[in-house]
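Letter by letter, the chains look like this.
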Amino acid sequence: MNPRVRPSLLAALVLTAPLAACARAPDTADAPVATAAPAAVTAPATPLVSGLPDFTRLVEQVSPAVVNIEAKVGARRSARSAGGIPEDQIPEIFRRFFGPDFPGAPGQPGPGGPSARSVGSGFVISDDGYILTNHHVVDGAEEVTVRLSDRREFTAKVVGSDPTYDVALLKVDGKGLPVLRQGKSAALKPGQWVVAIGSPLGLDQSVTAGIVSAVGRTTGAGQQYVPFIQTDVAINRGNSGGPLLNTSGEVVGINSQILSNSGGYMGVSFAIPIDLAMSAVDQIKKTGKVSRGMLGVTIERIDSAKAKALGLNKGALVNRVEPGSAAEKAGIEIGDVIVSVNGQEVATSADLPPLVGMLPPGTRARVGIIRDGKSRTLDVVLGELPIDGQQASATLDDGQGGAPAPASKADLLGLSVTEMDARSRRQLGLEAGEGVLITGVDGAEAREAGVEPGMAILQVGRTPVGSVAALERALRDLRKGDTVMLLIRGAAGVNQFVAITVGAED
């Protein structure tokens, strides 16, 4: 159509339309009154997919109790953090979520620099203003601001925090605040649905869902007292401190960590069990700090080789008892296998620290052990775990003491041994009359177990050895094919049981 004639045609249609209507209008006196046709009613579309979880009601009810937290962090915190770390040296595994401007990131303030920002999440646990979040969200904060979903804003006081559990308790001056109900994290099972709400990457009130992947996870040294809940819920920086909820809308955990090679979500997330967190809250309210019970043993897991030697496949194997500790006073010995604490099963070595740590110092605990294949129960009055307790370590130099010993049954284990002199014992932190020095490792099974020259054999099973002759006596009844447990002391002063089969082929 020619665009120049289109306006005139439109004008003609507009002008003639009402006129035509008038011409066709019937005489209302003679014609029946026309009725309007009923509007068509469109039925809602039938869902094509059914049976999927719908979290809308849950989110509507619980989201008002989820808060955004912003902490202003000054030079004091920056000095404790990794200020100025080159980008290619920033650890990627189990990194904390500090938000996009966390201190220590490339380009962020370092020691003595201006204040930085830590961004995270939290949730209200009482209507008078107590809020729970992660320790690392507010660690070193000079000022903490809490924002609710209704845009109310409060300045929060840090009542107390605990870096071991990674829990912090805040208090704001508010009344009648929305509160999350507490669930039971101990009741969680792999496969159950869970929901997270928080502020990932600064996006407030973001909702993600998934399932519990595992329970009782440990994520490395320093956090053996936290039996983490592993999920596949999408978690990113800024989710830290936010709630993990069950399908009843009850909080069962505090989102804390991810396992990532990139710094972003990769399908593995970790939450602190709410049972553990609330026990810390109770202590912080009463004393301002968290104290943990201590048994006074070092333990190791039971692998398949040790299970064969011990005749059992569960528990925590004791490889050292600290002098003067609660364990020593109660009669726990090296070689014992701890299988329960107050009736709760210790299935693996990772189960023991959280069970003991949750009990206050001075608690009388009933510890179930297996010794020489027989079950026993010992009463232990727990000590207190030092906040900054560290084990002293020794360094072994290249010198080896003593003369080579003649051929012995140790050869059947793929080991060469010799007597220890005072210098060797001093380097390994041993007393006079303790240990036999390993000078060579020829057996493949011993090498795979981590045995190295310079280590010392302290026990064969439950029998202490302090000389080659004592070692020979302890090994004399073993036959080819038997599996023997050796307690080994390494160069760092750490004891470890290893299981080696006598006469195993290389």
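Residues numbered from 1 in each chain as written. Predicted model: local features only at pLDDT ≥ 70, side-chain atom pairs only at ≥ 80, totals over all residues. Heavy atoms only, no water.

Let's talk about the nonpolar core
Phase 1: In terms of nonpolar packing, the biggest core is built from 33 residues, with F123, I125, L132 and Y165 touching the most fellow members.
Phase 2: Elements with a contribution of two residues or more to this core: helix 2 (56-62), strand 3 (130-133), strand 6 (167-171), strand 8 (193-198), strand 12 (250-258), strand 13 (269-273) and helix 5 (274-287).
Phase 3: The contacts of L132, once residues within four sequence positions are left out, are G122, F123, I125, V167, A168, G241, I254, I274, A277, M278 and V281.
Phase 4: Grouped together as the second largest cluster of nonpolar side chains are 24 residues, V417, V451, M455 and A470 included. (Core = buried A, V, L, I, M, F, W, Y, C linked by side-chain atoms within 4.5 Å. Buried < 20%, exposed > 50% of the residue type's maximum accessible area, 1.4 Å probe, protein only. Helix = DSSP H or I, 4+ residues; strand = E, 2+ residues; numbered from the N terminus. Contact = heavy atoms within 4.5 Å.)

Focus: the packing of aromatic side chains
Phase 1: Counted according to the given criterion, the structure contains two aromatic pairs.
Phase 2: Here the aromatic rings of F228 and F270 are separated by 6.0 Å at their centres, their planes lie at 75°, and the arrangement is edge-to-face. Placement of F228 in strand 10 (residues 228-231) and of F270 in strand 13 is noted, with a sequence separation of 42 residues between them. Each member of the pair F228 and F270 is classed as buried.
Phase 3: Directly above the aromatic system of Y130 lies the positively charged group of K285, at a separation of 4.3 Å from the ring centroid. (Phe/Tyr/Trp six-rings, centres within 6.5 Å; stacked < 30°, edge-to-face > 60°. Lys NZ or Arg CZ within 6 Å of the ring centre and 35° of its normal.)

Re the sheet that holds strand 1 (residues 66-73)
Phase 1: Spatially, 1-2-3-6-5-4 is the arrangement adopted by the six strands of the closed barrel, whose pairing is antiparallel. If you compare each strand with its neighbour and ignore which way they point, the axes differ by 40° on average.
Phase 2: Where strand 2 (residues 116-124) meets strand 3, two bridges bridge the pair, whose relative direction is antiparallel. From the neighbouring strand, V124 faces strand 3, where its bridge partner is I131.
Phase 3: Those strands touched by helix 5 are strand 2, strand 3, strand 5 (153-162) and strand 6, and its axis lies near 130° from that of strand 3. (Pairing = 2+ DSSP bridges. Axes fitted to C-alpha atoms, helices over the stretch in contact; angles between N-to-C directions.)

With respect to unusual backbone geometry
Phase 1: Phi at R151 takes a positive value of approximately 75°, unusual for a residue other than glycine.
Phase 2: Structurally, the position occupied by R151 is in the loop between strand 4 (141-147) and strand 5.
Phase 3: By relative accessible area, which is 66% here, R151 ends up exposed.
Phase 4: Of note in the backbone geometry, Q205 takes a positive phi value of approximately 60° without being a glycine.
Phase 5: Within the secondary structure, Q205 is located in the loop between strand 8 and strand 9 (206-217).

Digging into helix 11 (residues 468-475)
Phase 1: Every buried residue of helix 11 is accounted for by V468, A470, L471 and L475. For helix 11, the buried positions fall inside an angular range of 160° around the axis, keeping them on one side.
Phase 2: Among the structural elements, strand 22 (415-418), strand 23 (436-441), strand 24 (456-460) and strand 26 (483-489) are those in contact with the buried residues of helix 11. (Arc of directions from axis to C-beta.)

A closer look at the side chain of N134
Phase 1: Looking at the element boundaries, N134 is found in the loop between strand 3 and helix 4 (135-138).
Phase 2: What makes N134 buried here is its relative accessible area of 0%.

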